[in-house]
Amino acid sequence: MGALRLFERSLFKKNREYFFLLLALANIAIVFIVITINLVLAGQGVRIFIKEGLSFITTSAWSGVKESYGILFALGGTLVTGGIAIAIAALLAIGSAVTIIEILPSWARAFASTLTDLSAAIPTVIYGLWGLFVLSPVIGGLISTPPLSLLTPYLGSPGSLGTSLLSASILLSIMIVPFSTAIIRESLARIPKYIDEALYSLGLTKFEVVMIKLRYIRTSILTALMISYGRAVGETVAVAMVIGNVLNPDFWRIFSPGYTIASLIADQYQNAEAYTYMVPAIFGMALILFLIGLGINIYVSIISRRG
Amino acid sequence: MDTRRLRSSLGMLVFALLFVISIFPVFHLIAVVFINGSSVIASNFPGFFYEERPLPGTEEVGGVGPYILGTLILVSLATVIATPIAIFAAIYATQSLRSRLGFATSTLTRAMIEFPTIIVGLSVYGFLRILDEVLGMIGLQNPIPRFSALSGAIALAIVMIPFIYTQIEDGLRSVPNDLREAIYSLGSSRIKASIIMMRYIKATVITALAIGIGKALGETAPLFFTAFGSDLYPPIDAGMLFRPIGSLTLGIYNMALSGYDNWIRASWGAALILLSISITLFIVSRILSHRRW
Amino acid sequence: MGASGASIEIKDLRVWFGAREVIKGVSLSIPRNVVFTIMGPSGSGKSTILRAINRLLDLYPEARVEGRVIIDGVDVYGDTADPMAVRRMVGMVFQIPNPIPSMSIYDNVALGPRLNRLVKSKKELDDLVRWALEKAYLWDEVKDRLGLPAGKLSGGQQQRLCIARALAMKPKAILMDEPTSNLDPVGTARIESLITELKEILTVVLVTHNTFQASRVSDYVAFIYDGRLIEVGPSSKIFTRPENELTEKYITGRMVA
């Protein structure tokens, strides 16, 4: 709307702003892209709900041959792996942020932030490769020997190379820690110096001061973890490489291989068009992923406004 | 009193330990890729860079030439599409004051960064399918096949745009007010003023491109339903961009999961090539972002 | 209450920030149970002296301290000194009222006693919080809403809350760094009358650049200029018969800070 108004005004003013207004086409393109993504996902994704109804998300069945699609196992796998990843990442990220701000000298801080950005620059497929051939076998070994193997009756056992929901969770946590660390680190650094002074002036130990400061920024920590959860849920290739890609209806058995929504999409890309309803089913899953992300974004914007 | 001090030291030690645990994997990963990858590349040097994938189950590691070429084509094309859109949009959003369109792009690009990239690829695929149907109804043919280099490049471009855009927008907003006023007080039009300011934030622009290209280079998920992948050199002709194409990332993914020993080894070699380019681009963006000239 | 405050002895204090010497050899002798004011233009180093007393300068990696500070016989910078024990003995109030805004009024006051294990029961803690808030003249205003986040209080109330927080530690001295510079006249008046009451139970070391405030509340005044002690003595003498020309210029408002 603003563009239109500007456009009219400048026509009357007869100045040389036409070229500038042409730039707005790029902005329109971006708005168009976002709207199109929304429409395509909604329009295509809804078709599977029309065919399968709610059983699309309440049953565990995935068969192109039988044309029956229920993604509960993948939905569950997504939530479980994301949840474990975020629990591990929370610990690691808080520990890292505190170390960087409260323990390391200032020159090492710059180094740590470079390292954080570098971790984000590594392609996810390489995390997947390392996860599959280095990390998974280690985790597979751990959960196949006592004492952890005693849990096999309850939590299942890994696939070849140690692929499992747990391996995927741990790989995810490694991938999201740098990002969570960066947010927590920044809000820790933003706490005014006078809060430190007040706390130390009461004769508190460093650890006590740090714990109070962490409580002080708990909204930012929560925000960081929620956004990281969104990233974990959407991560595709790295997970697809270490999760084992097995239809595992007992998705809470984290020592067994399984699926997440994103990894199921990735795993099916080569034969999706061979079946009538597989493409709509894939769009249905993408729609769910999108809605989870949207929900997280809305939640985050609410808590960060309140906090 | 002393237990408190002990507790404090122990607590801080735990934090430090968590830090060490969380940075260890990155170092390990880089080291493993370099060690495994370099021995693979050395075993077929320089053929690894231009040969095609070998027969499965043999002793040969072959090469990843088609994947390198595919990545090159996809990323260049995506950069050509994304750069003008991102730059023009950032200029318009920062120089048109109080424009709702500018505000919308600013907000939407920040949301786009958090879109799972698999969704981006799927959306391009879905859009092209719809285009197929719609154009088919009126007897026309969709100019962009859904499994093609072009559609892959579009998907990558959509992934890149928000990264380039946000960098440049932040750069333009950080132009000091007195400079901005000086430029406009000379009576320059907004387009001219924008060009001057873009020149002022040159380093940011290059950083933005390095970050965007680095992103596109490492993406796998958006290519599944678009570029689709191919293990052979494409025939170099007019139809090249309209056929499926491979990439380093798709190659690594498919070979790593193939179960064939020699393909898995080739995937380590490909990973080293990809990681080297990513780290190089990262270093470039790091050096430039700390510099203005 | 008698002489329950601490005496503070500062001997040839020198402080550097990096290569810059900001305190250039200051010695002060602060008797117990008085209001002792360190006065001087901004940037003269007053606040640094205050932070040297309770070793808060430890928080600034670039700061280096020489000289001695002795609080009731305890050498603050001695080899066996425990900075945390020193800070428990000496409370502090800051220029910007700095309660933890998201924490409740009660918790802000209870923070120190709780973590320093000064109390054995909830009842004892309740009593201590009430005592501290009463001493800070805040109790009547907040007694019905102790659970309210401290950030919701007015600036003057927040500052009195910070005083209560320091008092709850039962310190022997309290350091006040320009405690009224961010308050309105009403808030300032209340804090000033509070300061004169407080010397009954402890020693007050006040830093201010406001000469009127210094003359209203102090028993002793030290005038600091450019990191050096220019003049020190009983308030009545400094404000009527200053010996140094700089001091006279400052208290008559002829020095541009």
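The rules behind the values
- Residues numbered from 1 in each chain as written.
- Chains lettered and ligands numbered in written order.
- Predicted model: local features only at pLDDT ≥ 70, side-chain atom pairs only at ≥ 80, totals over all residues.
- Heavy atoms only, no water.
- Helix = DSSP H or I, 4+ residues; strand = E, 2+ residues; numbered from the N terminus.
- Rg over C-alpha atoms; globule rule 2.2 N^0.38 Å.
- Buried < 20%, exposed > 50% of the residue type's maximum accessible area, 1.4 Å probe, protein only.
- Contact = heavy atoms within 4.5 Å.
- Areas by Shrake-Rupley, 256 points an atom, 1.4 Å probe, with all protein chains shown as cover.
- Lys, Arg positive; Asp, Glu negative; His and termini not counted.
- Charge placed at Lys NZ, Arg CZ, Asp CG, Glu CD.
- Buried area = accessible area lost by both parts, 1.4 Å probe.
- Salt bridge = Lys/Arg side-chain N within 4 Å of Asp/Glu carboxyl O.
- Polar contact = N/O pair within 3.5 Å; in protein donor to acceptor, adjacent residues only side chain to side chain.
- Nonpolar A, V, L, I, M, F, W, Y, C, P; charged D, E, K, R; others polar.
- Axes fitted to C-alpha atoms, helices over the stretch in contact; angles between N-to-C directions.
- Parallel < 35°, antiparallel > 145°, perpendicular 65-115°, else oblique.
- Left-handed = near helix turned anticlockwise from the far one by under 90°.
- Patch = residues over 30% accessible without salt bridge, like charges linked within 9 Å, V, L, I, M, F, W, Y side chains within 5 Å.
- Core = buried A, V, L, I, M, F, W, Y, C linked by side-chain atoms within 4.5 Å.
- Pairing = 2+ DSSP bridges.

1. Examining the overall build of chain C
Step number 1: Summing up its helical and strand segments, chain C has 10 helices and 10 strands in all.
Step number 2: Expected size for 257 residues packed as a compact globule is a radius of gyration near 18 Å; at 18 Å, chain C falls within 12% of this value.
Step number 3: By its C-alpha atoms, chain C is 55 × 45 × 35 Å across when sized along the principal axes.
Step number 4: Considering chain C as a whole, with its 257 residues, one finds that 54% of them fall into the buried category.
Step number 5: Once local pairs closer than 6 in sequence are excluded, the contacts in chain C between residues at least 24 apart make up 68%.
Step number 6: Total accessible area computed for chain C in this model is approximately 10900 Å², and 50% of it derives from carbon and sulfur atoms.
Step number 7: Counting 34 positive and 30 negative side-chain charges, chain C places the centres of these two groups 2 Å from one another.

2. Some thoughts on the interface of chain C and chain A
Step number 1: Contacts between chain C and chain A engage 24 residues on the former and 18 residues on the latter.
Step number 2: Summed over both sides, the interface between chain C and chain A buries roughly 1900 Å², with carbon and sulfur atoms accounting for 68% of that surface.
Step number 3: Applying the counting criterion to the chain C and chain A interface returns one salt bridge.
Step number 4: Between C:Arg51 and A:Glu197 there is a salt bridge; the shortest N-O distance is 2.6 Å.
Step number 5: Connecting chain C to chain A are six residue pairs in polar contact (both at pLDDT 80 or more).
Step number 6: Elements with a minimum of two residues in the side of chain C that touches chain A: helix 2 (83-89), strand 6 (90-93) and helix 3 (105-115) of chain C.
Step number 7: For the side of chain C that touches chain A, the class distribution of residues is 15 nonpolar, five polar and four charged.

3. Focus on the pattern of salt bridges
Any two side chains of opposite charge can pair, given that their charged atoms come close.
Step number 1: In total, this model carries 41 salt bridges over all chains according to the counting rule given.
Step number 2: With a closest N to O distance of 3.7 Å, C:Asp58 and C:Arg87 form a salt bridge. Of this pair, C:Asp58 sits in the loop between helix 1 (46-53) and strand 4 (63-71) while C:Arg87 sits in helix 2, and the two are 29 residues apart along the sequence.
Step number 3: Overall, the relative accessible area of 37% leaves C:Asp58 in the partly exposed class.
Step number 4: A salt bridge links C:Arg130 to C:Glu134; the nearest nitrogen and oxygen atoms lie 2.9 Å apart. Here C:Arg130 pairs with C:Glu134, and both are found in helix 4 (residues 122-135), just four residues apart, close to one helical turn.
Step number 5: Residue classification places C:Arg130 among the partly exposed positions, given a relative accessible area of 40%.
Step number 6: Judged by its relative accessible area of 36%, C:Glu134 is partly exposed.
Step number 7: A single network of salt bridges, built from pairs that share partners, joins A:Glu273, B:Arg129, B:Asp132 and B:Arg146.

4. Structural notes on the interface of chain B and chain A
Step number 1: Residue-level contacts link 83 residues of chain B with 89 residues of chain A.
Step number 2: Carbon and sulfur atoms supply 77% of the area that chain B and chain A bury against each other, a total of about 7500 Å² over both sides.
Step number 3: In this assembly, chain B and chain A are joined by six salt bridges.
Step number 4: A salt bridge links A:Arg231 to B:Glu114, with the shortest nitrogen-to-oxygen separation between them at 2.9 Å.
Step number 5: Applying the counting rule to chain B against chain A returns 17 residue pairs in polar contact (both at pLDDT 80 or more).
Step number 6: Among the elements that line the side of chain B that touches chain A, the one with the most residues is helix 1 (residues 2-43) of chain B, at 20 residues.
Step number 7: Along the lines of polarity and charge, the residues of the side of chain B that touches chain A split into 54 nonpolar, 20 polar and nine charged.

5. Brief notes about the environment of A:Tyr229
Residue and element names in this part refer to chain A.
Step number 1: As for its position among the elements, Tyr229 is in helix 12 (residues 218-234).
Step number 2: When its relative accessible area of 15% is taken as the criterion, Tyr229 is described as buried.
Step number 3: Sequence separation between Tyr229 and Pro123 is 106 residues, and the spatial gap between their C-alpha atoms is 19 Å.
Step number 4: Excluding its chain neighbours within four sequence positions, the residues that come into contact with Tyr229 are Thr78, Leu79, Gly82, Gly83, Ile86 and Ile296.

6. Here we look at the packing of helix 4 (residues 117-137) of chain B against helix 5 (residues 149-173) of chain B
All names here are of chain B.
Step number 1: One way to put it is that helix 4 packs onto helix 5 with a least axis distance of 9 Å and a crossing angle of 135 degrees. Between helix 4 and helix 5, the crossing angle belongs to the class labelled oblique. Two packed elements cross with a definite hand, and for helix 4 against helix 5 that hand is right-handed. In this structure, helix 4 contributes Thr117, Val120, Gly121, Val124 and Leu128 to the contact, and helix 5 contributes Ser151, Ile154, Ala155, Ile158 and Val159.
Step number 2: Looking at side-chain class alone, the contact of helix 4 with helix 5 contains seven nonpolar, three polar and no charged residues.

7. Overview of unusual backbone geometry
Step number 1: Note that the residue after A:Pro146, namely A:Pro147, is joined by a cis bond; omega there is 5 degrees.
Step number 2: Within the secondary structure, A:Pro147 sits in the loop between helix 7 (124-144) and helix 8 (152-155).
Step number 3: A positive phi angle, near 70 degrees, is found at B:Phe228, a position not held by glycine.
Step number 4: Checked against the element boundaries, B:Phe228 lands in the loop between helix 8 (202-218) and helix 9 (248-256).

8. As for the side chain of B:Thr117
Step number 1: By secondary structure assignment, the location of B:Thr117 is in helix 4.
Step number 2: The class for B:Thr117 is buried, based on a relative accessible area of 18%.

9. What about the environment of A:Gly159?
Step number 1: Residue placement: A:Gly159 occurs in the loop between helix 8 and helix 9 (165-190).
Step number 2: When the C-alpha positions of A:Gly159 and A:Ser256 are compared, they lie 6.7 Å apart, and in sequence the two are 97 residues distant.

10. Brief notes about a nonpolar patch on the surface
All names here are of chain A.
Step number 1: A contiguous nonpolar surface patch, about 470 Å² in accessible area, is contributed by Val138, Leu142, Leu148, Leu151 and Tyr154.
Step number 2: The topology assignment puts Leu151 in the loop between helix 7 and helix 8.
Step number 3: The partly exposed category is assigned to Leu151, whose relative accessible area is 34%.

11. Details of the nonpolar core
If you look at soluble globular proteins, the nonpolar side chains tend to sit buried side by side.
Step number 1: One finds A:Trp62, B:Ile168, B:Phe224 and C:Ile71 to be the most contacted residues of the largest nonpolar core, which totals 236 residues.
Step number 2: In this view, C:Ile71 contacts C:Ala6, C:Ser7, C:Ile8, C:Ile53, C:Val76, C:Val86, C:Met89 and C:Val90; residues no more than four positions away in its chain are not counted.
Step number 3: Formed by 37 residues, the second largest nonpolar core is a distinct cluster that contains C:Ala110, C:Leu128, C:Leu133 and C:Ala150.

12. Structural notes on the sheet that holds strand 10 (residues 228-234) of chain C
Strand pairing in a sheet relies on backbone hydrogen bonds. The paired strands run either parallel or antiparallel.
All names here are of chain C.
Step number 1: Taking strand neighbours across the sheet as the criterion, the six strands line up as 6-7-8-3-9-10 in an open arrangement whose pairing is mixed. The outermost strands of the open sheet, each flanked by one partner alone, are strand 6 and strand 10. With direction set aside, neighbouring strand axes in the sheet form an average angle of 15 degrees.
Step number 2: Sheet topology note: the strand 7 (residues 173-177)/strand 8 (residues 203-208) ladder contains five bridges and is parallel. Pairing of Ile174 across the sheet is with Val204, part of strand 8.
Step number 3: Helix-sheet contacts for helix 1 involve strand 3 (35-39), strand 6, strand 7, strand 8 and strand 9 (220-225), and the interaxial angle to strand 7 is about 150 degrees.

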